[in-house]
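A structural walkthrough
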Amino acid sequence: MKPHHFLCLYLGSVAFSFGEEGHWAFEPLNRPDGESVDQFIEQELRAANLEPSPPAQPHRLLRRIFLDLTGLPPTPEESTEFAEDPSPERFEAIVDDLLSRPQYGERWGRHWLDLARYADSNGLHEDSDRPHAWRYRDYVIASFNADKPYGQFLREQLAGDEIAPTNPEAWIATGFCRNGPSNEENIASNELELYKLDQLDDILATTSQVFLGQTIQCARCHDHKTEPFTATDYYQMLAVFAPTVPAYVPFKNQQLSTPTLIPPRPRAKNKLSKEPHIRALTNGSEKPEVTRVLLRGNPQTPGEIVAPGVPEVLSHFAAEFAGGSRTALADWIASPENPLTWRVMANRVWQYHFGHGLVDTPSNLGESGSRPTHPELLDWLACELRDNGGRLKPLHKRIVLSRTYQQDSVFRESAARTDPENRKLWRYPPHRLQAEVIRDGILAASGNLNLKMGGPGIKPRVPPEILDQSKRNGWPKIEQESPQHWRRSVYVYLKRQLPMPMLTLFDAPDATLSCAVRFSSTTPTQALALLNDEFVNKQARYLALRAMAEDPGNAVRSMMERVWAQPVSADQLAGAEAFVAERLASRQSQKDARKLALADLAVVLFNSSQFVYVD
């Protein structure tokens with residue numbers, strides 16, 4: 001039994017009673033009257049006697065949209081061009097350009113990988129490598145760049161092997177179901193049944209949270225205590241996945257061979273693991289799988305037999321399980337009639353643009369989750385997504401071209417007295433950059449960012465003292481990093497028991513469970529890392545050399561503009577030059593004193609709020 005199952009047991013002894021009117025998230029999805037994001041936001045502001053903030057300054061807006069859509073800052077040249085023509089037409093053209101760049105898929109694909117609990121190793125005790133798991137990561141990035149319809153995207157991940165059995169990409173997509181931690185090679189024969197149930201529970205939990213925004217997994221041991229899901233509902237949905245087994249699918253020159261099934265065997269090594277293959281999921285024996293309700297979740301106390309199905313409370317839009325069960329489930333989730341699917345994804349898109357969703361619990365739209373701050377806006381966005389064929393790029397444009405998104409982020413005390421948490425969105429909410437964006441931004445500023453896409457994950461330098469503490473991690477000891485290590489952080493090899501320290505420090509998830517909202521901590525160790533980390537200091541020296549070579553007379557200003565991606569005021573410039581002069585005086589006896597003094601400034605700039613936050 002997993003820890004979250006024990007949590008469910010303590011939520012109360014009285015089963016949830018579904019109200020007569022039903023829960024808001026289960027209600028049919030009908031388009032509210034309205035033509036724009038601003039219409040819904042400003043209506044709420046007027047009702048609270050609040051005014052929206054004025055438009056953000058062009059340089060601030062440009063940095064915001066670049067980091068938002070691509071995870072990379074604009075260059076000084078791009079900032080200058082926009083400052084010369086900050087018209088709405090020019091901004092829209094920039095948005096179109098950013099959405100067409102391959103870096104868009106890397107940025108928004110990383111959001112999905114959080115949800116899909118993607119990693120390059122198995123985790124648990126052995127934490128053995130998954131040498132070809134990266135194919136799923138590349139599939140996700142390519143799907144976002146192609147603006148693949150969301151319905152197709154989710155159908156491939158749940159049932160790609162059934163839907164398109166000759167398409168390698170469809171098999172790769174089913175890696176969604178296998179991304180969770182696993183330990184097949186070390187399971188004793190008397191533990192296989194429970195192990196398989198735990199693996200199926202991981203698939204069911206991730207599917208229900210990511211696509212439906214529901215916590216159906218809490219009904220594994222008993223009827224859900226806060227939601228209208230029974231144990232029978234749980235096991236009917238589990239029956240959809242019960243016939244599946246892990247699949248080893250040979251993959252050569254983009255051609256699939258006949259899949260080789262590898263069901264878990266006690267303490268058996270996979271001898272084929274070093275060959276190129278797709279880590280996939282498929283159906284096992286042709287013999288029908290019998291699924292029973294397990295009383296208290298215990299395999300030793302089986303109850304009634306159940307067939308594949310969906311929760312009773314959601315059965316008012318039909319699911320037909322005549323053919324492949326996973327295809328039927330995927331079709332049901334992707335149906336235009338399913339209100340949860342489109343509300344959940346529209347809320348996620350809003351969340352990643354503003355730092356928080358219209359519903360604060362994006363993977364829980366149930367009774368125990370938060371209620372939407374702007375329910376009509378959420379439904380309008382969901383209808384926009386659904387009715388545009390499930391394509392995300394038009395939805396991005398709808399949001400980022402709004403006055404709400406483009407408003408200033410400056411704090412206003414008068415508005416804060418009425419709405420201290422900015423729930424009405426009277427200003428753009430400033431928030432800290434994610435770990436990957438911070439690392440990528442440092443590389444972009446230094447001029448060392450390697451934009452090579454795809455392929456096996458990279459293993460940048462990890463402090464040797466960390467490697468010495470874990471003899472089985474398989475991470476190479478690297479004295480000096482090179483350009484091959486300076487690719488975007490989405491390509492960093494994600495080893496569950498040895499995550500990159502810098503990324504972990506800035507709250508990258510551990511990939512054990514689906515992550516809907518990252519923590520955003522503020523700790524002294526973050527500042528200390530940005531001041532003392534070898535990677536940061538090395539890139540600071542590269543930035544100093546770059547500035548000295550490009551504009552020797554204005555190296556300080558050049559560095560500040562590259563790191564902050566915005567104009568520098570006279571006071572800021574004077575303070576920075578005074579700092580460099582002081583550091584230069586203290587380093588006069590050293591070789592390359594000016595370079596080192598400028599590098600000291602670069603380290604300070606990387607540690608500044610102007611760099612680490614977006615506003």
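Residues numbered from 1 in each chain as written. Predicted model: local features only at pLDDT ≥ 70, side-chain atom pairs only at ≥ 80, totals over all residues. Heavy atoms only, no water.

With 112 residues, the main nonpolar core has Ile65, Trp112, Tyr136, Trp350 and Leu381 as its most contacted residues. Looking at this core element by element, the count peaks at nine residues for helix α13 (residues 339–354). Not counting residues within four places of it along the chain, the set of residues in contact with Trp350 comprises Val37, Ile41, His356, Gly357, Leu358, Leu377, Leu381, Ile399 and Leu425. Of all hydrophobic cores here, the second largest spans 51 residues; its members include Leu443, Leu498, Phe506 and Val563. (Core = buried A, V, L, I, M, F, W, Y, C linked by side-chain atoms within 4.5 Å. Buried < 20%, exposed > 50% of the residue type's maximum accessible area, 1.4 Å probe, protein only. Helix = DSSP H or I, 4+ residues; strand = E, 2+ residues; numbered from the N terminus. Contact = heavy atoms within 4.5 Å.)

Quick look at the side chain of Gln103 now. Secondary-structure assignment places Gln103 in helix α6 (residues 102–115). Judged by its relative accessible area of 12%, Gln103 is buried. Apart from the residues lying within four places of it in its own chain, the contact partners of Gln103 are Leu69, Thr70, Leu72, Leu451 and Arg488.

Taking burial as the measure, the nine residues of strand β1 (residues 244–252) include eight buried ones, the bulk of the element. Alignment of β1 against strand β4 (residues 277–283), held across seven bridges, turns out to be antiparallel. By the bridge assignment, Ala247 is partnered in β4 with Ala280. (Pairing = 2+ DSSP bridges.)

What follows is about helix α18 (residues 435–446). Its 12 residues give α18 an end-to-end C-alpha distance of 17 Å, which sits within 8% of 16 Å, the value for a rise of 1.5 Å per residue. Taken across its 12 residues, α18 has 11 buried, putting it largely inside the fold. Considered for burial, the residues of α18 that qualify are Ala435, Glu436, Val437, Ile438, Arg439, Asp440, Gly441, Ile442, Leu443, Ala445 and Ser446. Just past α18, the residue Gly447 takes up positive phi, approximately 85°. (Expected span 1.5 Å × (residues − 1).)

Attention now moves to unusual backbone geometry. Phi angles above zero are rare outside glycine, and Asn422 is one such case at about 60°. With respect to the helices, strands and loops of the structure, Asn422 is situated in the loop between α17 (413–418) and β7 (431–432). Phi at Asp592 is positive, roughly 60°, even though this residue is not glycine. Here Asp592 lies in the loop between α24 (570–586) and α25 (593–606).

Now for the pattern of salt bridges. Counted by the stated rule, this structure contains 43 salt bridges. The partner of Arg423 in a salt bridge is Asp360, with the nearest N and O atoms 2.7 Å apart. Of this pair, Arg423 sits in the loop between α17 and β7 while Asp360 sits in the loop between α13 and α14 (375–387); the two residues are 63 residues apart in sequence, bridging distant segments of the chain. The partner of Asp440 in a salt bridge is Arg439, with the nearest N and O atoms 4.0 Å apart. Residue classification places Asp440 among the buried positions, given a relative accessible area of 2%. Here the residues in one salt-bridge network are Arg31, Glu384, Arg386, Asp387 and Arg398, joined through shared partners. (Salt bridge = Lys/Arg side-chain N within 4 Å of Asp/Glu carboxyl O.)

Relative to the helices and strands, Met548 resides in helix α22 (residues 534–550). Sequence-wise, Met548 and Ser414 are 134 residues apart; in three dimensions their C-alpha atoms are separated by 46 Å.

This paragraph deals with the environment of Thr75. As for its position among the elements, Thr75 is in the loop between α3 (58–70) and α4 (76–84). Taking the relative accessible area as the measure of exposure, Thr75 reaches 32% and is therefore partly exposed. As a C-alpha pair, Thr75 and Ala444 span 369 residues in sequence and 8.9 Å in three-dimensional space.

In this section: the environment of Cys383. Tracing the backbone through its elements, the reader meets Cys383 in helix α14. For Cys383, a relative accessible area of 0% gives the class buried. Placed 47 residues apart in sequence, Cys383 and Pro336 show a C-alpha to C-alpha distance of 9.2 Å.

With that out of the way, let us pick up the packing of helix α8 (residues 150–163) against helix α10 (residues 192–212). Running from N to C, α8 and α10 cross one another at 180°; their axes reach a closest spacing of 12 Å. For the element pair α8 / α10, the angle class is roughly antiparallel. Between α8 and α10, the contacting residues are Tyr150, Leu154 and Leu158 on the first element and Thr207, Val210 and Phe211 on the second. (Axes fitted to C-alpha atoms, helices over the stretch in contact; angles between N-to-C directions. Parallel < 35°, antiparallel > 145°, perpendicular 65-115°, else oblique.)

Taken as a whole and assessed by the stated rule, the structure comprises 23 aromatic pairs. Measuring from ring centre to ring centre gives 5.8 Å for Phe354 and Tyr405, while their planes differ by 90°; the resulting arrangement is edge-to-face. Separated by 51 residues along the polypeptide, Phe354 in helix α13 and Tyr405 in helix α16 (residues 403–406) bring together distant segments of the chain. We classify Phe354 as buried; its relative accessible area is 1%. You can call Tyr405 buried: its relative accessible area is 0%. An aromatic cluster of at least three residues, connected via ring pairs, comprises Trp112, Tyr118, Tyr136, Tyr139, Phe144, Tyr150, Phe153, Phe176, Phe211 and Trp342. Over the ring of Tyr428 we find Arg64, and its NZ or CZ is 3.7 Å from the ring centre. (Phe/Tyr/Trp six-rings, centres within 6.5 Å; stacked < 30°, edge-to-face > 60°. Lys NZ or Arg CZ within 6 Å of the ring centre and 35° of its normal.)

Turning next to the confidence of the model for the protein. On average, residues of the protein score 90 in pLDDT, and 92% of them reach the 70 mark or higher. The low-confidence segment residues 1–20 (pLDDT under 50) makes 34 contacts with residues lying over four places distant or belonging to another chain. (pLDDT = per-residue confidence, 0-100.)

Glancing now at the packing of α6 against α13. Any two packed helices are characterised by how steeply their axes cross, that is the angle between the axes, and by the distance between the axes. Relative orientation of the contacting elements α6 and α13 amounts to 120°, with a least axis distance of 12 Å. On the basis of the axis angle, α6 is oblique to α13. In this structure, the crossing between α6 and α13 has a hand that is right-handed. Contacts between α6 and α13 involve Trp108, His111, Trp112 and Leu115 on the former and, on the latter, Met345, Arg348, Val349, Tyr352 and His353. Of the residues that constitute the contact of α6 with α13, the class distribution is six nonpolar, two polar and one charged. (Left-handed = near helix turned anticlockwise from the far one by under 90°. Nonpolar A, V, L, I, M, F, W, Y, C, P; charged D, E, K, R; others polar.)

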